[in-house]
Amino acid sequence: MFEVEQTYDVAALTALCRAARKTTRPVWRVIRGAVWVTFAVGTLLLAAQLALQSFGKGDLRLLLSVAVLLLFLLFEDKLNAWVALRQMVPGTAHSTTVFGEDAYTVTTDTTQTRWQYENITALAETRRYYFCFLGKRHGQCFDKQGFRQGDSEAFRTFIEQKTGKSINTIK
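Below is a summary of the structure that appears in this document.

Some points on the overall build of the protein
- When you go through the protein residue by residue, the secondary structure sums to five helices and nine strands.
- Overall, the protein shows an N-to-C arrangement of helices and strands of β-α-α-α-α-β-β-β-β-β-β-β-α-β.
- The proportion of buried residues among the 171 residues of the protein is 36%.
- Within the protein, residue pairs in contact and separated by at least 24 positions form 59% of the contacts whose partners lie at least 6 positions apart.

Quick look at the structure:
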């Protein structure tokens, strides 16, 4: 049996958003995203060149718009995490999860939810977190330092056996 405490803050949700982007998206969406990023970078470079040409003329609107677009590209996961944090139901930011033989139970200040292992569609990990995805738009993260019962290395083997899925390592 394993027991994990988790607090969903901006850092945890940023890691969850990044893991979801790298794990649960189909290949065609990744390719479409790569094409979009290539187009966006080309547009940014063209806009930056035009902005630098107009810089001496006192028009900084184009340069500002390039900077804003670049910030959105660089901080996509953090922005998504910030939005997710604002949309969380009060009392659900801190959870305790107990992994049993047949299912696992997530308890917050307001709810208690039981999840079956077969509902997990993908697993991932970073140096700090494990992630369980229950579809394309729902995931849970578990801090490796938050284990109150059991340890994170044994949990890795346990969750892979229970779900029949291997864990994707995200750098």
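A closer look at the nonpolar core
- In this structure, F99, Y104, I120, F155 and I159 are the most contacted members of the largest nonpolar core, which totals 17 residues.
- Among the elements that take part in this core, helix α5 (residues 152-163) stands out by supplying three residues, more than any other.
- Setting aside anything within four residues of it in sequence, one finds F155 in contact with F2, F99, Y130 and F147.
- L16, A19, Y129 and F131 belong to the second largest nonpolar core, which has 16 residues in total.

Quick word on the environment of F133
- By the element assignment, F133 lies in strand β6 (residues 129-133).
- On the basis of relative accessible area, F133 is assigned to the buried category, the value being 2%.
- Distance from F133 to T24, taken between C-alpha atoms, is 7.8 Å for residues 109 residues apart in sequence.
- Apart from the residues lying within four places of it in its own chain, the contact partners of F133 are L16, A19, A20, T23, T24, N119, I120, T121, A122, A124, H138 and G139.

Description of a nonpolar patch on the surface
- Together, V68, F72, L79, W82 and V83 make up a nonpolar patch on the protein surface, roughly 430 Å² of accessible area in all.
- Listing elements by their share of the nonpolar patch, those giving two or more residues are α3 (61-74) and α4 (76-87).
- Here the nonpolar patch takes three residues from α4, the largest share from any one element.
- Mapped onto the fold, L79 is located in helix α4.
- Given the relative accessible area of 36%, L79 is considered partly exposed.

As for the packing of helix α1 (residues 10-23) against α4
- Put simply, α1 and α4 touch, their axes get as near as 8 Å, and they point 120 degrees apart. By the criterion of interaxial angle, the relationship of α1 to α4 is oblique. Crossing hand, α1 versus α4: right-handed. Contact with α1, carried on its side by V10, L13, T14, C17, R18 and R21, involves E76, D77, K78, N80, A81, A84 and L85 of α4 and no other residues of that element.

Points about the sheet that holds strand β2 (residues 94-99)
- In space, the five strands of this open sheet follow the order β4-β3-β2-β1-β8, with antiparallel pairing throughout. Lying at the two open borders of the sheet, with one neighbouring strand each, are β4 (112-116) and β8 (147-149). Strand-to-strand twist across the sheet, computed as the mean angle between neighbouring axes with direction ignored, equals 20 degrees.

Quick look at the pattern of salt bridges
- Applying the stated rule across the entire model yields seven salt bridges.
- Across the salt bridge formed by R148 and E3, the nearest N and O atoms sit 2.5 Å from each other. Of this pair, R148 sits in strand β8 while E3 sits in strand β1 (residues 2-7), and the two are 145 residues apart along the sequence.
- For R148, a relative accessible area of 53% translates into the label exposed.
- Residue E3 is classed as buried on the basis of its relative accessible area, which comes to 13%.
- Across the salt bridge formed by E125 and R156, the nearest N and O atoms sit 2.4 Å from each other. Here E125 is found in strand β5 (residues 122-125), whereas its partner R156 is found in helix α5, with 31 residues between them in sequence.
- Connected through salt bridges with shared partners, the residues E125, K144, R156 and E160 form a single ionic network.

Conventions we followed
- Per chain, residues are indexed from 1 in the order of the written sequence.
- Local features are withheld for residues below a pLDDT of 70 in this predicted model, meaning they are given only at 70 or higher, and side-chain atom pairs are given and counted only at 80 or more; totals for whole chains, interfaces and linings count all residues.
- Hydrogens are left out, water is left out, and the side-chain values use all remaining heavy atoms of the structure.
- Think of it this way: any DSSP run of H or I at least four residues long counts as a helix, any run of E at least two long counts as a strand, and we number them from the N terminus.
- Each residue gets one of three labels from its accessible area relative to the maximum for its type: buried under 20%, exposed over 50%, partly exposed in between, using a 1.4 Å probe on protein chains only.
- Contacts between residues were defined by any pair of non-hydrogen atoms, one from each residue, lying within 4.5 Å.
- Think of a nonpolar core as a cluster: buried Ala, Val, Leu, Ile, Met, Phe, Trp, Tyr and Cys residues, connected wherever their side-chain atoms sit within 4.5 Å.
- What goes into a patch is any residue over 30% in relative accessible area without a salt bridge, connected to like charges within 9 Å or, for nonpolar side chains (Val, Leu, Ile, Met, Phe, Trp, Tyr), within 5 Å.
- Throughout, the Shrake-Rupley method with a 1.4 Å probe supplies accessible areas, and for residues the shown protein chains are the sole cover considered.
- By definition, a salt bridge exists where a carboxyl oxygen of Asp or Glu is found within 4 Å of a side-chain nitrogen of Lys or Arg.
- A fitted line through C-alpha atoms serves as each axis, taken over the contacting stretch for helices, and the angle formed by two N-to-C directions is quoted from 0 to 180°.
- Orientation labels follow simple angle bins: below 35 degrees gives roughly parallel, above 145 gives roughly antiparallel, 65 to 115 gives roughly perpendicular, and whatever is left gives oblique.
- A crossing counts as left-handed when the near helix is turned anticlockwise from the far one by less than a right angle, and as right-handed when that turn is clockwise.
- Any two strands between which DSSP finds at least two bridges are classified as paired.

Note that all results are geometric; they support no functional claim without further evidence.
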